[in-house]
Amino acid sequence: WVLSFSAAMVPFCAFCYGHSRGVTTRVVERVVKSPVGVYGLLALPFLTLGMEKSIYDTVQSWQGLDPNVVPKDRGGFPSGGSSLPSFSLIPVRKIAKRLTQAIEQKESEK
């Protein structure tokens, strides 16, 4: 849970810090003054959702969970994100099975 918490809080804290320094206003002003104009603001929600999915998929892959697989015991990423392409920045680690096997062996020895 520490990895998931950190992956969610670090970008959020960076956004809050940047917002307190006026970065949000500068980004909006720069987008409006760009060649695409006010219509460029329509792209911001899609960009931020893509960044959020990239963080989520990367953390899942780091933990050894494939973000494209829906587990049988739960529904998966909200709004069917597991059916979307993965935005993970790293490949899925192959440790999850070994870790769960080690835990199961320790429990069976007790």
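Placed above this text is the structure.
Description of the structure in this document. Within each chain, residue numbers correspond to sequence positions counted from 1 in written order. Whole-chain, interface and lining totals are the exception, using all residues; otherwise, since this is a predicted model, local features are given only for residues with pLDDT of at least 70 and side-chain atom pairs are given and counted only at 80 or more. In computing side-chain values, all of the structure's heavy atoms are included and hydrogens and water are not.

**A short note on the overall build of the protein chain**
Secondary structure elements follow DSSP: runs of H or I no shorter than four residues count as helices, runs of E no shorter than two count as strands, and numbering proceeds from the N terminus. Helix and strand counts for the protein chain stand at four helices and zero strands. Element order for the protein chain, N to C, with α for helix and β for strand: α-α-α-α. Relative accessibility thresholds used throughout: buried, under 20% of the residue-type maximum; exposed, over 50%; partly exposed, between the two (1.4 Å probe, protein chains only). Among the 110 residues that make up the protein chain, the fraction classed as buried is 16%. A separation of at least 24 residues holds for 66% of the contacts in the protein chain among residues at least 6 apart in sequence. Should any heavy atoms of two residues lie within 4.5 Å, those residues are considered in contact.

**Looking at helix H1 (residues 2-20)**
Along its 19 residues, H1 runs 26 Å from first to last C-alpha, staying within 8% of the 27 Å computed at 1.5 Å per residue. Remark: Gly22 follows H1 within two positions and exhibits a positive phi of approximately 90°. Each helix should span, by expectation, one fewer than its residue count multiplied by 1.5 Å.

**A closer look at the side chain of Thr58**
Mapped onto the elements of the fold, Thr58 is located in helix H3 (residues 44-62). Sequence-distant contacts of Thr58, that is, excluding residues within four places in its chain, are made with Phe87, Ser88, Leu89 and Ile90.

**Regarding the environment of Ser20**
Here Ser20 lies in helix H1. A distance of 2.7 Å separates the side chain of Ser20 from the backbone oxygen of Tyr17, its partner in a polar contact. Distance and chemistry together define a polar contact, namely a pair of N or O atoms within 3.5 Å, with one atom able to donate a hydrogen and the other to accept it when in protein, and with adjacent residues in sequence counting only for side-chain atoms on both sides.

**Thoughts on the pattern of salt bridges**
Within this document, salt bridges are pairs made up of a side-chain nitrogen of Lys or Arg and a carboxyl oxygen of Asp or Glu, the two lying within 4 Å of each other. Evaluation of the coordinates by the stated rule reveals one salt bridge. Close ionic contact of Lys53 with Asp57 constitutes a salt bridge, the shortest N to O distance being 2.8 Å. Taken as a pair, Lys53 and Asp57 lie in helix H3 at a separation of four residues, close to a single helical turn. In terms of burial, Lys53 and Asp57 fall into one category: buried.

**Some details on the packing of H1 against H3**
The relative placement of two packed helices comes down to the angle between their axes together with the axis-to-axis distance. The convention used is that axes are lines fitted to C-alpha atoms, helices contributing only their stretch in contact, and that angles between N-to-C directions extend from 0 to 180 degrees. As a packed pair, H1 and H3 sit with axes 10 Å apart at the nearest point and diverge in direction by 155°. With respect to each other, H1 and H3 are oriented roughly antiparallel. Crossing angle aside, the handedness with which H1 passes H3 is right-handed. Where H1 approaches H3, its residues Leu3, Ser4, Ala7 and Pro11 are matched on the opposing element by Ile55, Val59 and Trp62. Only Asp, Glu, Lys and Arg are considered charged, only Ala, Val, Leu, Ile, Met, Phe, Trp, Tyr, Cys and Pro nonpolar, and every remaining residue, Gly among them, polar. A breakdown of the residues in the contact of H1 with H3 according to their chemical character gives six nonpolar, one polar and no charged. Angle categories are assigned with fixed cut-offs, so that under 35 degrees is roughly parallel, over 145 is roughly antiparallel, 65 to 115 is roughly perpendicular, and the rest are oblique. Crossing handedness follows the turn of the near helix against the far one: under a right angle anticlockwise gives a left-handed crossing, and clockwise gives a right-handed one.

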